[in-house]
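Structural overview for review
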Amino acid sequence: MQSPIVITGMGMISPLGCGVNPSWERLVSGRSGIGLITRFDSGDLPIKIAGLVPDIDQDPDAGFDPDRVADAKERRKLDLFSLYALAAAHEALSQADWFPQGEAERRATATIIASGIGGFPTITQAQNTLTERGHRRLSPFTVPAFLANMAASNVSIRYGFRGPLGCPVTACAAGIQAIGDGMRMLRSGEAEVALVGGAEACVDPLSLAGFHALKALSTEQEHPERASRPFDKSRSGFVMGEGAGLMVIETLAHAQARGATPLAVLSGYGTSADAHHITAGPEDGAGAADAIQAALRMANLGGDDIDYINAHATSTPVGDRAEIASLRRVFGDALGGIPISSTKSATGHLLGAAGGVESLFAGLSAIHDRLPPTLNFLGADDEMHDLDFVPDTGRAHRTRHALCNGFGFGGVNAALIVSKLA
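Conventions and cut-offs
Residues numbered from 1 in each chain as written. Predicted model: local features only at pLDDT ≥ 70, side-chain atom pairs only at ≥ 80, totals over all residues. Heavy atoms only, no water. Helix = DSSP H or I, 4+ residues; strand = E, 2+ residues; numbered from the N terminus. Rg over C-alpha atoms; globule rule 2.2 N^0.38 Å. Buried < 20%, exposed > 50% of the residue type's maximum accessible area, 1.4 Å probe, protein only. Contact = heavy atoms within 4.5 Å. Areas by Shrake-Rupley, 256 points an atom, 1.4 Å probe, with all protein chains shown as cover. Lys, Arg positive; Asp, Glu negative; His and termini not counted. Charge placed at Lys NZ, Arg CZ, Asp CG, Glu CD. Pairing = 2+ DSSP bridges. Expected span 1.5 Å × (residues − 1). Axes fitted to C-alpha atoms, helices over the stretch in contact; angles between N-to-C directions. Parallel < 35°, antiparallel > 145°, perpendicular 65-115°, else oblique. Left-handed = near helix turned anticlockwise from the far one by under 90°. Nonpolar A, V, L, I, M, F, W, Y, C, P; charged D, E, K, R; others polar. Phe/Tyr/Trp six-rings, centres within 6.5 Å; stacked < 30°, edge-to-face > 60°.

**A closer look at the overall build of the protein chain**
- Scanning the protein chain from N- to C-terminus turns up 14 helices and 15 strands.
- At 20 Å, the protein chain has a C-alpha radius of gyration in line with the 22 Å of a compact globule built from 422 residues.
- In terms of overall dimensions, the protein chain has C-alpha extents of about 65 × 55 × 45 Å along its principal axes.
- When the 422 residues of the protein chain are sorted by exposure, 60% land in the buried category.
- Taking the contacts inside the protein chain whose residues are at least 6 apart along the sequence as the reference set, 79% of them involve residues at least 24 apart.
- Counting every atom, the protein chain has about 16,600 Å² of accessible surface; 51% of that belongs to carbon and sulfur.
- The averaged location of the 46 negative side-chain charges in the protein chain is 5 Å from the averaged location of its 34 positive side-chain charges.

Set out below in C-alpha cells:
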C-alpha cells in the first residue's frame, strides 16, 4: 500500500499579508486585501484597484519587507514574483524543517513553482527603457528576471535543491498543476520531497489594460473591498491580485522517518482540457467536471465525502456559472449540502499563484475545521439559490476532505483534494 502524500510545510505571501497565519486569520475574520492601486500611476486606465501585497510600512505586523528576502544587489536581478516565491519558500521550508545539507537529499528535492505570466513588470519596464533610453540602457538581468521558471530556479539555487525543476505555465490552473506534478514525482520516485505551488506579481498597467480589453476586470473603485463578488448576482468581473503560495510535500513514511510533523494529506488530483475555446469554458462545465472526478478517483472518494469546496470562482458572470455547472455534474442534488466559498472575494485573483494560495486555504480548512467566507455576497443567480456560499462570515465546520479548483484560459482544468490527517 502506498504511503499517503502529506504537507509538512506551508508558506504564503498574499494581499491579506505575509505569512500563513496572518493571511488565514484575516481571511476567516472577513477582512479584504483589495484596495486602490498605489504602486504606480494608473493614468487614464479605468482599472484602479487590485489585491496588492501590503508592504511593511503599510502593515507593520504582516507587510512584505524585501530586505528580509534579498539584499539590494540581488534584488536587481529578480522580478517581484521571484521575491514572493523566495519569501514563501523560506516559511514553508522552515515549518517543514527541510534544509538538506547532503547531496543525496538535495538531489531528491524537487522545486515546482508555477506562474501564469512570470516577470511581466520586468518586460514592460524593459520596453519603456528601450523606447525612451535605447538598448544600451537595458539591464543584462532583464531576461533572467522575467522568465517564468525563474521563481523555481532562484529557490533551487538558494537552497541547493538539485532534483526536478519545473514551472507549469497554464494560466490560472498552474498553481494546482504544480502541486499535481510534485505528487507524481513523489509517486514515481523522481523525488522524495517537493516544494510546490505558484507565484505571481503582474499587477501592471499593460496587464490590467489587456484584461480590461477582454472585459474581464471589475471597473469599480469607490469601494474596492466590495468589488470582488464571486457568485453574487451583481458581480461584474474579477480583481487582479498577486502573491505566492507554496507547500513542502512528501510521503507520510518519509516525513515520519525524519521526524517531520504532517499537517494534512493530499489525497487526490486531477487535470483535464476543455478543448473548447481560448478564454471561455463550456457552459455545461464538462471539462472541469472531468478534472474533479479524476481527483475523486485518485482519492478513492465519492461526492458525498467532500465537506467543503474552495471554488475557483473569480467573480465573472460566465465563469462562476460554468463552475457551478461542473459541480452539479459531479455532485448532483447533493451539492446543496456542501458549503462552497471563493476566497478570491478577499484576495482578488492571483492568476498562476491562485491555486497555490487557495490549496493552502483548503488545507487550513481541513486542519482547523473552519470555513472561510465568500465576501460581498448579497444574493445568487436564480439557478444557484439552493447553494450554500458561506456568505460574509466564516464558520466552524467539520472538514475531512476539501476540494480546491483551478481553471485557466486555453481550457485547462485542475482539481485537488486536501484531507484531514487520519
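**Quick word on the pairing of strand E14 (residues 401–408)**
- Of all the 8 residues making up E14, 8 are buried; the element is thus mostly covered by neighbouring parts of the structure.
- Here E14 shows no split at all, with His-401, Leu-403, Asn-405 and Phe-407 on one side and Ala-402, Cys-404, Gly-406 and Gly-408 on the other all buried.
- Pairing between strand E10 (residues 308–310) and E14: 3 bridges, direction parallel. In the strand pairing of E14, Asn-310 is matched with Cys-404.
- Both E14 and strand E15 (residues 412–419) contribute to a ladder of 8 bridges, which runs antiparallel. Counterpart to Ala-402 in the pairing with E15 is Val-418.
- Between E14 and E15, which pair antiparallel one after the other, the connecting turn spans 3 residues, and Gly-410 there sits at a positive phi close to 90°.

**Looking at unusual backbone geometry**
- For Leu-351, which is not a glycine, the phi torsion comes out positive at approximately 55°.
- Tracing the chain through its elements places Leu-351 in the loop between helix H13 (344–347) and helix H14 (354–368).
- Here Val-390, not a glycine, exhibits a phi torsion of approximately 50°, which is positive.
- In this structure, Val-390 sits in the loop between strand E12 (370–371) and strand E13 (395–396).

**Examining helix H11 (residues 286–299)**
- Under the 1.5 Å per step criterion, the end-to-end length of H11 is 20 Å for 14 residues, consistent within 8% with the ideal 20 Å.
- Burial in H11 covers these residues: Gly-287, Ala-288, Ala-289, Ala-291, Ile-292, Ala-294, Ala-295, Leu-296 and Ala-299.
- Buried residues along H11 sit against strand E9 (264–273), helix H12 (317–331), E14 and E15.
- Where H11 terminates, the next one or two residues include Asn-300, which has phi positive at roughly 55°.

**Some remarks on the packing of H11 against H12**
- Contact geometry for H11 and H12: axes closest at 8 Å, N-to-C directions at 45°. Compared by their axis directions, H11 and H12 come out oblique. You can see that H11 and H12 cross each other, and the crossing is right-handed. The segment H11 lies against H12, with Ala-286, Ala-288, Ala-289, Ile-292, Gln-293 and Leu-296 engaging Ser-326, Leu-327, Arg-329, Val-330 and Phe-331.
- Here the contact of H11 with H12 is composed, by residue class, of 8 nonpolar, 2 polar and 1 charged.

**Considering helix H8 (residues 174–188)**
- With 15 residues, H8 extends 21 Å from end C-alpha to end C-alpha; this agrees with the ideal 21 Å at 1.5 Å per step.
- Within H8, 11 of the 15 residues are buried, which leaves the element mostly enclosed by the surrounding structure.
- Residues Ala-174, Gly-175, Ile-176, Gln-177, Ala-178, Ile-179, Gly-180, Gly-182, Met-183, Met-185 and Leu-186 constitute the buried set of H8.
- Looking one or two places after H8, you find Gly-189, whose phi comes out positive at around 90°.

**A few points about the packing of aromatic side chains**
- Scanning the entire structure with this criterion turns up 8 aromatic pairs.
- Measuring from centroid to centroid gives 5.0 Å for Phe-64 and Tyr-84, while their planes differ by 80°, and the two rings are edge-to-face. Of this pair, Phe-64 sits in the loop between strand E4 (49–50) and helix H2 (72–75) while Tyr-84 sits in helix H3 (residues 80–96); the two residues are 20 residues apart in sequence, bridging distant segments of the chain.
- The exposure class assigned to Tyr-84 is buried, which follows from its relative accessible area of 2%.
- A ring pair is formed by Phe-231 and Phe-389, whose centres lie 4.2 Å apart and whose planes are at 20°; its orientation type is stacked. Placement of the pair is Phe-231 in the loop between helix H9 (205–213) and strand E8 (243–251) and Phe-389 in the loop between E12 and E13, with a sequence separation of 158 residues.

**Section: the packing of helix H1 (residues 20–28) against H14**
- The interhelical angle for the contact between H1 and H14, taken along N-to-C directions, is 75°, at an axis separation of 11 Å. Considered as vectors, H1 and H14 are oriented roughly perpendicular to each other. Of the residues in H14, those in contact with Val-20, Ser-23, Trp-24 and Leu-27 of H1 are Phe-361, Leu-364, Ser-365 and His-368.
- Looking at the contact of H1 with H14 residue by residue, the classes come out as 5 nonpolar, 3 polar and no charged.

On their own, these measurements won't tell you what the molecule is for.
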